[in-house]
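The lines below spell out each chain.
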Amino acid sequence: MVVYNFKKIETVPTAADFIDVVLSKTQRKTPTVVHPGYNIVRIRQFYMRKVKFTHTAYSEKLTQILTDFPRLDDIHPFYADLINVLYDRDHFKLALGQMNIARQLIDRVGRDYAKLLKYGDSLYRCKTLKRAALGRMCTIMKRQKGALEYLEQVRRHMMRLPSIDPTTRTIIVAGYPNVGKSSFVNKVTRANVEVQPYAFTTKSLYVGHMDHKYMRWQVIDTPGVLDKPLEERNTIEMQSITALAHLHCCVLYVVDISEQCGFSIQQQVALFDSIRPLFHNKPLVVAINKIDVRTEADLTEAERAALRTLETNGATIVYMSTFTEEGVMDVKSAACDLLLAQRVEQKMASTKVESVINRIRTHWQLKTPAWVNDIIPEIMDGKNIMDFVDPDIDRLLAELEREEEQRVELAEMEAEEQDEDMDEERVEAQNTVRALAKSIRKKKGILKEKARMAKKNNHPTLSRAVAARTKSLGEFVEHMGQMGVRTASKALSNLRGKATLKGGADALPARERRAATAGASTERRGRSPTRGGDEDAMSTGGSSYADSMVGHKRARGDGKKANQVPRDRSSTARDAAKVARSRSPSASGLRDEAQQVKLLKLGRNKAFKMSKNGRIESDRRIPDLKPKHLYSGKRGNGKTDWR
Amino acid sequence: MAQGDYIELFRKRQGRRFDHEERTRKKEARGNHLNSAIAKKVRGLKAKQFNKKRYAEKAVMKKKIKMHGERLNKHQVAEQRDDSEAVPAYLLDREGMSHAKVLSNSIKQKRKEKAGKWNVPIPKVKPMGEDEVFKIVKSGKRQKKQWKRQVNKVTFVGESFTRKPPKLERFIRPAALRFKKAHVTHPELKATFNLDLIGIKKNPQSPLYTSLGVITKGTIIEVNCSDLGLVTPSGKVVWGKYAQVTNHPENDGCINAVLLV
Ligand SMILES: Nc1nc2c(ncn2[C@@H]2O[C@H](COP(=O)(O)OP(=O)(O)OP(=O)(O)O)[C@@H](O)[C@H]2O)c(=O)[nH]1
Ligand SMILES: [Mg+2]
């Protein structure tokens, strides 16, 4: 919801101050040194920056003013009208419009001179152009002197406007001057309005707050109004009229019964009649004040008749005296209740009612209406009443229990039936399923644990591509086997063949190779004419699948026959070949495998030493900051950092 | 008093503090000391601004003192009194013109008439070389041709002007430097108007500049003064009039001119 306080509007400087502020800002925030010897581009840029800076400084400040002041079309009509009454709508709009125009003009000047500066061919010309630009901007601002002064005054006054919330529960106190409006407001709120025995003590709107029925209420004290046509009313009276016209509220019309205020009761009733259009659709309370001076009984017949006409117009008449405080609370509660009733009624009629309806309390339907006011005890006969509130609770409990029993019976019956028709076959099938489920669960557990381990260690992770490359063929085959693919040598002969063809024996990962050398060290690496066809040989890295052509064809045939081979065969083969290439000693410039192994060992030894010292190369290295050779001996003709 | 005016309310209810008058008087008395302390302390831009303000204040003060002094010596008033004849009210503020003044005025008038028809406010201008007015623009594939020129001064380009194909254009007149309006002062009305340019009559520097529409100080321009409502002796409305440029438009970013009447 919009909160109307105009305290946040920033100060509007006078024209002279405005210019001073902007120019000194430019002086402070842009470079100040330039020489004719500089490159012309640099000189141009120096002055262009000054012009642009001043331009933005001006337009920022003007924009600030334009956004700070409320736009009369956007704010609540009450405030729009109040501003119209107090500061003259046209004047206000004109002043803001002038600010807007000034901003546009300054924008244009800034743009034009930036363009002209592009063609500046000497420091002098650039400087005079800058001077002209700033001068013109300042002249534009100087012309706004009047508007700026007006806006500053408006701002100061607006800051002090009472913060009236136009949407909340509001009571407006109205009436002739000197009838005791302010006295009433002082009695029910802490507004501390001035009370004096002369007319027009209150000259502007005052707002106070009070509590009633645990709710906050806003009470607005208005200046007194006289009975005259609208055009003749002055600013003071117009404020009351504005409040009455635009705020949705309860109107509390105060009538002075003692006529101490200088107006007879008939006159006060006449005023009521003349401003009655403003009370349209609003709850109305007429508070007859000062009954300590003259009581209701003292009224003449004519006066009574006049007051009766008020009542026929839908007003509630309450008598009070703010002096003795008699009836003040009655007036307050009468007004509040009327307004509350109307607001609730309106809420019920509105479309938003669905969202709040559950908050409205519905009353119990009791046998005798007199019981409504009975006090319900918390504990009765040593028992908490709340435990027995639900009349159906016994019935519901019984129902629930019955249902439960039925369910138990049903379950027993089913179990018996099942036991009977269980035969051998089913048991076996069930067992296999169970075993399968168990293995799946186990595998899942392993995977989970693996993932956890991989996450736990704080080492750099391999990218997916590299990880794929480092996977060995054996791992791949094993994995496929676990997935249910037939990994017999026949089925995978194509893959094996490819791997061998590309990189010889080196195509196989190190682990397998090691096994192979252990198993058949005498065999020549790479191409072997014999073909190990069984699974065992394969898993130990089978060194002999050179007959690629045959293998290729066969594998293809197999693939077509049994759909157990991986779908994208060629890609797996390619991967394996890639592994082989990256790992071959010839690729890394080594003579043979033995050399590679040696290299590995040397590297490991080195790393071991380093890690034992707690140092890793180039990581936590502390360099020699003062090398001896640079700090001892005399200096010759050489450099200071090299001898 | 509005609800928020708590200071005023307080003053109304409680009054000012008991030594308020004394304090304000003392503060005012110390004001000069404070001012001089500031004057000694400020430096740079602040000093410049402060001194300017102070200077203006002092000038006002001196003027005021002088005015007070004038009221004391009454001889000037006495001199005016010895006019023997009664003068009508509309002639009251006129001083009798001395004979010598009339003579010198008439001589001046004659000299003026002799001087000729084209008596312009700025009769002489500083010559301006081509290297100042034109910037050489290099062209060609290897940027070695130097026959193109860019006009570096403010120009007026007629509305109907269309550029040659850029490749063949010898004189480039940048759009940023093309002006359409001039601030023209009427010397007798002592008023300035922002008028449309119609054309360039003559640039005293060279006929080339005239044909290119270059506007420099001393250039005679033709302006559209139909808005001014000037009328010829025969009763026709004048719409084009000549004016002479009095400033350096390229330095000021605007054209100021005096109407030739
Ligand atoms: N005897 C008596 N005097 C009252 C009572 N209420 C207010 N007055 C007096 O009436 C005078 C005017 O009271 P205000 O409250 O200032 O009246 P107002 O309607 O606010 O007047 P304006 O602000 O001028 O419109 C004061 O001198 C109060 O003391 C009352 O109940 N009994
Ligand atoms: Mg009052």
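Whatever comes next refers back to the structure up there.
What counts, and where the lines are drawn
Residues numbered from 1 in each chain as written. Chains lettered and ligands numbered in written order. Predicted model: local features only at pLDDT ≥ 70, side-chain atom pairs only at ≥ 80, totals over all residues. Heavy atoms only, no water. Pairing = 2+ DSSP bridges. Helix = DSSP H or I, 4+ residues; strand = E, 2+ residues; numbered from the N terminus. Donors = N, O, S within 2.8 Å, 3.2 Å for Na, K, Ca; no water. Buried < 20%, exposed > 50% of the residue type's maximum accessible area, 1.4 Å probe, protein only. Contact = heavy atoms within 4.5 Å. Near = heavy atom within 4 Å. Polar contact = N/O pair within 3.5 Å; in protein donor to acceptor, adjacent residues only side chain to side chain. Areas by Shrake-Rupley, 256 points an atom, 1.4 Å probe, with all protein chains shown as cover.

Peer 1: Lay out the sheet that holds strand 3 (residues 171–172) of chain B in plain terms, naming residues and giving numbers.
Peer 2: Residues and elements named next belong to chain B. Across the sheet, which stays open at both edges, the three strands sit in the order 1-2-3 with mixed pairing between neighbours. The strands lining the two open edges of the sheet, one partner per strand, are strand 1 (134–139) and strand 3. Alignment of strand 2 (residues 145–151) against strand 3, held across two bridges, turns out to be parallel. From the neighbouring strand, Arg149 faces strand 3, where its bridge partner is Phe171.

Peer 1: Summarise the coordination of the magnesium ion (ligand 2); cite the residues concerned and give the values.
Peer 2: Within the protein, the atoms that donate to the magnesium ion (ligand 2) are Ser182(A) (OG) and Thr202(A) (OG1), at distances of 1.9 Å. Placement of Ser182(A) in helix 7 (residues 181–188) and of Thr202(A) in the loop between helix 7 and strand 2 (206–212) is noted, with a sequence separation of 20 residues between them.

Peer 1: Can you break down helix 7 of chain A residue by residue, with the values?
Peer 2: All names here are of chain A. Of all eight residues in helix 7, six are buried, a share of seventy percent or more. Among the residues making up helix 7, those that are buried are Lys181, Ser182, Ser183, Phe184, Val185 and Val188. At its buried positions, helix 7 is contacted by strand 1 (170–175), strand 2, strand 3 (215–221), strand 4 (250–256) and helix 11 (328–349).

Peer 1: I'd like a rundown of the site of ligand 1, residues and numbers included.
Peer 2: Residue and element names in this part refer to chain A. Around ligand 1, a shell composed of 23 residues is seen, among which Ser182, Ser183, Phe200, Thr202 and Thr322 lie nearest. Within the side chain of Asp292, an N or O atom sits 3.0 Å from a nitrogen atom of ligand 1. Side-chain polar atom of Ser321 to an oxygen atom of ligand 1: 3.4 Å apart, as the coordinates give it. Relative to its unbound accessible surface of 650 Å², ligand 1 loses 88% to contact with the protein. When residues in the shell around ligand 1 are grouped by element, the largest group, three residues, is from helix 7.

Peer 1: Quick one: what's the story with the pairing of strand 1 of chain A, residue by residue and with numbers?
Peer 2: Residue and element names in this part refer to chain A. Of all six residues in strand 1, six are buried; the element is thus mostly enclosed. Residues Thr170, Ile172 and Ala174 point to one face of strand 1 and Ile171, Val173 and Gly175 to the other, with burial holding for every one of them. Bridge count between strand 1 and strand 3: four bridges; the pairing is parallel. Each bridged residue has a counterpart across the sheet, and for Ile172 the counterpart in strand 3 is Ile220. Two strands pair when backbone bridges link them, and strand 1 and strand 4 are joined in this way by five bridges, in the parallel orientation. Across the sheet, residue Val173 finds its bridge partner in strand 4, namely Leu252.

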